[in-house]
Amino acid sequence: MTELVDRPARRGQRPAAAAAASRAAETQPAVDVDALGEQLLGKWAAIRRQARTLAERPELHKIEGLPHTEHRTRVSGQLKYLVENEAVHRAFPESLGGADDHGGNIAGFEELVVADPSLQIKAGVQWGLFGSAVMHLGTAEHHAKWLPGIMSLEIPGCFAMTETGHGSDVASIATTATFDPATDEFVVHTPFRAAWKDYIGNAAIDGLGAVVFAQLVTRDVNHGVHAFYVDLRDPETGEFLPGIGGEDDGIKGGLNGIDNGRLHFTGVRIPRTNLLNRYGNVDSDGAYSSPIASPGRRFFTMLGTLVQGRVSLDGAAVAASKVALTAAIQYATERRQFNASSHTEEEVLLDYQRHQKRLFTRLATTYAAGFAHEQLLQKFDDVFSGAHDTDEDRQDLETLAAALKPLSTWHALDTLQECRETCGGAGFLIENRFASLRADLDVYATFEGDNTVLLQLVAKRLLADYAKEFRSVDFGVLARYVVGQATGAAIHRTGLRQVAQFVADSGSVQKAAIALREEEGQRALLTDRVQTMVAEAATALKGTGRLSQEKGAALFNRHQNELIDAAQAHAELLQWEAFTEALGDIADPGTRTVLTWLRDLFGLSLIEKNLSWYLMNGRLSMQRGRTVGEYINRLLVKIRPHALDLVDAFGYGEDHVRAAIATGAEKERQDEARAYFRSLRASGKAPVDEKLLLARTAGNCV
C-alpha cells in the first residue's frame, strides 16, 4: 500500500497541509493508487494500455485551431496510422487477420477519445459501423469480398442509416430498395428530399462504399428496413458514380475532423447479392425469406447487432470525464484565491466546500459510470463472443446500453462544463481542452440514438418486465400485491410513515445520518423509487392495448415524462449497484474505505437531487431529509485529502490530458508570488495596508 507519509508533497499542496497530512497518515486511510488503477483498467487492461500508448503519440493528437479541411486530411491520415499499428482489427475474424476479441476491441477503441474525438468517431464509422455492418449483417461471401479492403482502409466507407427526415425512428426511413427480377438487381432510390441520408461520416469526401439502409420491396411487399452494400465513388477519380449525389454538411459544432455529408440515390442499380442477407434474403425470382418470421423482431435483431456503437460511446464519455477531472482537480490543488483564513496566505481552491462539491460529486459519478461501463462491456463481449448469446441476453445488452449511454454522455458534457467553470478564465482557453472536448462530445448525446429516445426504450422494457411478473400469477397473489401497493400508497399519502420515522429519529440527527449512509439504506431508497415509478406508470397505462391507436398513443404521451424519469432512475441505480459491487473487489482496506466514501457521495447525491420526490412520497421525513446535505458535506471533507490519488488512479498522463493548467505551471506561479510577498514583508519595506491603519486608528480611539 502506498502510504501518504512516504510521498513527497503534491504539486500545489501547502507545506503546512503536507505536514498535517503526514501527521494524520497513521489514522487516515490511504489509497493504493497502483492497485486501484489496475482495477479501473478492467478485464482488458493490456489492450487499454496499448491504446493509451498510441493516444500519447503527437501524430494522433488534435491540433487546436486547424481549419476543418486540414483537420479532415489529418484524421484521414491517422486512420492509416491505426491500421499500421494494428489498433483497429481486434473484433474482425481471425481468418481475416482479426482476433475475434469484441470486448477488447471496444476497450481499445474508446481510449482514442483522449487523442482526438474526431479520430475516435471516424475510426468508429470505418470499422465499428461500416465494417461491423458488413460483418454482422452479411454472410461469408460478403466477408470475403469486402472485409479485407475495409480492414486495410482500401475501401473507406459510410454507414448510411440516418435520413434528414428520420433519425432515431429508423423503421420509418423512406429510401427504398426495390427488387427487379428481370435484371436480378435492387434499385435503390431516394423518393424525396427528407429521405436523403444525412450526417453521414465519410460521405462528403472519403467514402468509396456504403452500407445503405432502405426499405426492401419485392413482389410489391415491403419487408422493412434491410442493409445493402452500395459503391459510391470511382476509386480513381473520387467522383460519385451515376445516380448517386450528395453534398458536404460543412462545419459543425464539433468533430470537424470528420467529413460528414449527405447522400441521395436516383434509380441506382446494385446486384441482388449486395443485400446483406444474414437476416433476410431475396431469391432470383423475388421470393423473400428470413430465419426470423416476425418483422418487428427481425428489425430489432438487425439493429441489435450494431449495439457496439452505444457501448463504445458510453466508455468514451467516461474517459473524457476522467481527463477533464484530472486537469481540474490538479489545478484546484495549485490555484489560490482569496485570503479568508489568513492575512498573508490565500486559499487553495480545492479547500473551498463549494469547489469540492462541484468536482467531487462529478468524480463520484465518473467512478460509478466507469464501473457500470465495465459491466456493460463484459455483457457485450459475452453476447458477441457467443459465450452467452440467447435472445434474453441480447435484449438485456440492448437495454443496458440504452440505459447507460445517455447517463454517461450527459454526464461528460456536464462534467466538462463544470470543470471549465471551476478553472475560471483559464478553463476557457483552448489550450486546456475543456471547451474543445465539450464541443466534440456534444453530439455524443445524439449519436447512436438520441438519449431521450433511448431512455424511452428502457422505460418500455421496464413496463414489459413489470407486466410479465404478473402474467402467470393467480388472482390471490395479484390481489395481495395490489392491496400491499394500496396500503403503502395510503401510508405515504397520509404521512403515517413520516410520523413513524420522525419518532424514530427524534433527538438523534446522527442516527438519521447513519441510516442514510448505510449501504442497505441507500439501496432501499434508490430501488424503491424505481419500483414505485414503474408501478405508477404501469397502473396509469393499464388497458392501453384495448384503446384505439390514437387514444392509446395519447395516453402514453401523457405519461412520457414519468416513464423517462423512471428509466433514468433505473440507470442511476445500475450505476450505484456497479459501484457497490466493485467495492467488494478491493483488497486494500484504505482504498476500500475511501472508495466507500465516494460511493456514498454518489448515492446521497442522487437522493439529494430527488429529495422532493422522497419527501412528497413519504420515503423520507423532513428531519431525515435535512441530514442528506449535512452528510454530503462531511464526505467532502473526508475525500479532500485523497482527491489527487483518485484522479491519478485513472492512469492518464500529461500527454493524455494535455492541459497547460495541469502541468504544475500554476504552482510555480503561485510559489513565485508567495516568495515575493514573503521577501517583501521580511525586508520591512512593504507598504502598510490602509485597512490596517484604519483598524489601528479605531483601536486607539477606543
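These numbers were taken from a predicted model, which means no experiment stands behind them.

Peer 1: So, the overall build of the protein: which residues are in play, and what are the values?
Peer 2: Helix and strand counts for the protein stand at 27 helices and eleven strands. The buried share of the protein, taken over its 702 residues, is 53%. Considering only intrachain contacts with a sequence separation of at least 6, the fraction spanning at least 24 residues in the protein is 74%. Carbon and sulfur atoms make up 54% of the accessible area of the protein, which totals about 30900 Å².

Peer 1: Go over the packing of aromatic side chains, please, and point to the residues and values.
Peer 2: For the structure shown, the criterion picks out 14 aromatic pairs. Pairing tyrosine 367 with phenylalanine 371 gives two aromatic rings, centres 6.1 Å apart and planes at 55°, and the pair type is tilted. Separated by four residues within a single helix, tyrosine 367 and phenylalanine 371 lie in helix H10 (residues 353-385), roughly one turn from each other. Members of the aromatic cluster, joined through ring pairs, are Tyr367, Phe371, Phe579 and Phe650. Over the ring of tyrosine 652 we find arginine 52; its NZ or CZ atom is 4.0 Å from the centre of that ring. In this structure, arginine 193 is placed above the aromatic ring of tryptophan 196, and the distance from its NZ or CZ to the ring centre is 4.1 Å.

Peer 1: So what's going on with the packing of H10 against helix H23 (residues 622-639)? Which residues, and what values?
Peer 2: What describes two packed helices is the angle between their axes and the distance between those same axes. H23 packs onto H10 with a crossing angle of 85° between their chain directions and a minimal axis gap of 10 Å. In terms of axis orientation, H10 runs roughly perpendicular to H23. Only Ile632, Asn633, Leu636, Val637 and Ile639 of H23 make contact with H10, whose side of the interface consists of Gln353, Gln356, Lys357 and Phe360. By residue class, the composition of the contact of H10 with H23 is five nonpolar, three polar and one charged.

Peer 1: Describe a nonpolar patch on the surface, naming the residues involved and giving the relevant values.
Peer 2: A cluster of nonpolar residues, Val688, Leu692 and Leu693, forms a patch on the protein surface that exposes about 260 Å² of accessible area. For leucine 692, the location among the structural elements is in helix H27 (residues 690-701). Residue leucine 692 is classed as partly exposed on the basis of its relative accessible area, which comes to 42%.

Peer 1: Can you break down the nonpolar core residue by residue, with the values?
Peer 2: Counting residues in hydrophobic clusters, the biggest one holds 168 residues, and the most contacted among them are Leu82, Trp127, Phe213, Tyr367, Leu595 and Leu598. The biggest single contributor to this core is helix H9 (residues 308-332), with 14 residues. If sequence neighbours within four positions are ignored, leucine 82 has contacts with Leu54, Leu60, Ala87, Val88, Leu112, Leu119, Ala123 and Trp127. Of all hydrophobic cores here, the second largest spans 23 residues; its members include Phe179, Ala210, Ile244 and Leu263.

Peer 1: Which residues make up the pattern of salt bridges, and what are the values?
Peer 2: Counted according to the given criterion, the structure contains 41 salt bridges. For aspartate 440, the salt bridge identified is with lysine 62, shortest N-O distance 2.8 Å. Separated by 378 residues along the polypeptide, aspartate 440 in helix H13 (residues 434-441) and lysine 62 in the loop between helix H3 (45-55) and helix H4 (68-84) bring together distant segments of the chain. Residue aspartate 440 shares its accessibility class with lysine 62, and that shared class is buried. The partner of arginine 262 in a salt bridge is glutamate 247, and the shortest N-O contact between them spans 2.8 Å.

Peer 1: Requested: an account of the sheet that holds strand E7 (residues 244-248), with residues and values cited.
Peer 2: Paired through their backbone hydrogen bonds, the strands of a sheet run either parallel or antiparallel. Reading across the sheet, the three strands line up as E4-E8-E7 and stay open at both edges, with antiparallel pairing between neighbours. Each of the sheet's edge strands pairs with one partner strand only, and the pair in question is strand E4 (197-200) and E7. Adjacent strand axes in the sheet meet at a mean angle of 20° when their direction is disregarded. Sheet topology note: the E4/strand E8 (residues 261-265) ladder contains two bridges and is antiparallel. The residue bridging lysine 197 from the neighbouring strand is leucine 263, located in E8.

Peer 1: Got a sec to walk through the packing of H9 against helix H11 (residues 391-422)? Specific residues and values, please.
Peer 2: Contact geometry for H9 and H11: axes closest at 8 Å, N-to-C directions at 20°. On the basis of the axis angle, H9 is roughly parallel to H11. Seen from above, H9 lies across H11 with left-handed handedness. Across the interface between the two elements, Arg310, Val311, Leu313, Asp314, Ala317, Val318, Ala320, Ser321, Ala324, Leu325 and Ala328 of H9 pack against Ala401, Leu404, Lys405, Ser408, Thr409, His411, Ala412, Thr415, Leu416, Cys419 and Thr422 of H11. Per-class residue counts for the contact of H9 with H11 are 13 nonpolar, six polar and three charged.

Rules used throughout
- Residues numbered from 1 in each chain as written.
- Predicted model: local features only at pLDDT ≥ 70, side-chain atom pairs only at ≥ 80, totals over all residues.
- Heavy atoms only, no water.
- Helix = DSSP H or I, 4+ residues; strand = E, 2+ residues; numbered from the N terminus.
- Buried < 20%, exposed > 50% of the residue type's maximum accessible area, 1.4 Å probe, protein only.
- Contact = heavy atoms within 4.5 Å.
- Areas by Shrake-Rupley, 256 points an atom, 1.4 Å probe, with all protein chains shown as cover.
- Phe/Tyr/Trp six-rings, centres within 6.5 Å; stacked < 30°, edge-to-face > 60°.
- Lys NZ or Arg CZ within 6 Å of the ring centre and 35° of its normal.
- Axes fitted to C-alpha atoms, helices over the stretch in contact; angles between N-to-C directions.
- Parallel < 35°, antiparallel > 145°, perpendicular 65-115°, else oblique.
- Nonpolar A, V, L, I, M, F, W, Y, C, P; charged D, E, K, R; others polar.
- Patch = residues over 30% accessible without salt bridge, like charges linked within 9 Å, V, L, I, M, F, W, Y side chains within 5 Å.
- Salt bridge = Lys/Arg side-chain N within 4 Å of Asp/Glu carboxyl O.
- Core = buried A, V, L, I, M, F, W, Y, C linked by side-chain atoms within 4.5 Å.
- Pairing = 2+ DSSP bridges.
- Left-handed = near helix turned anticlockwise from the far one by under 90°.

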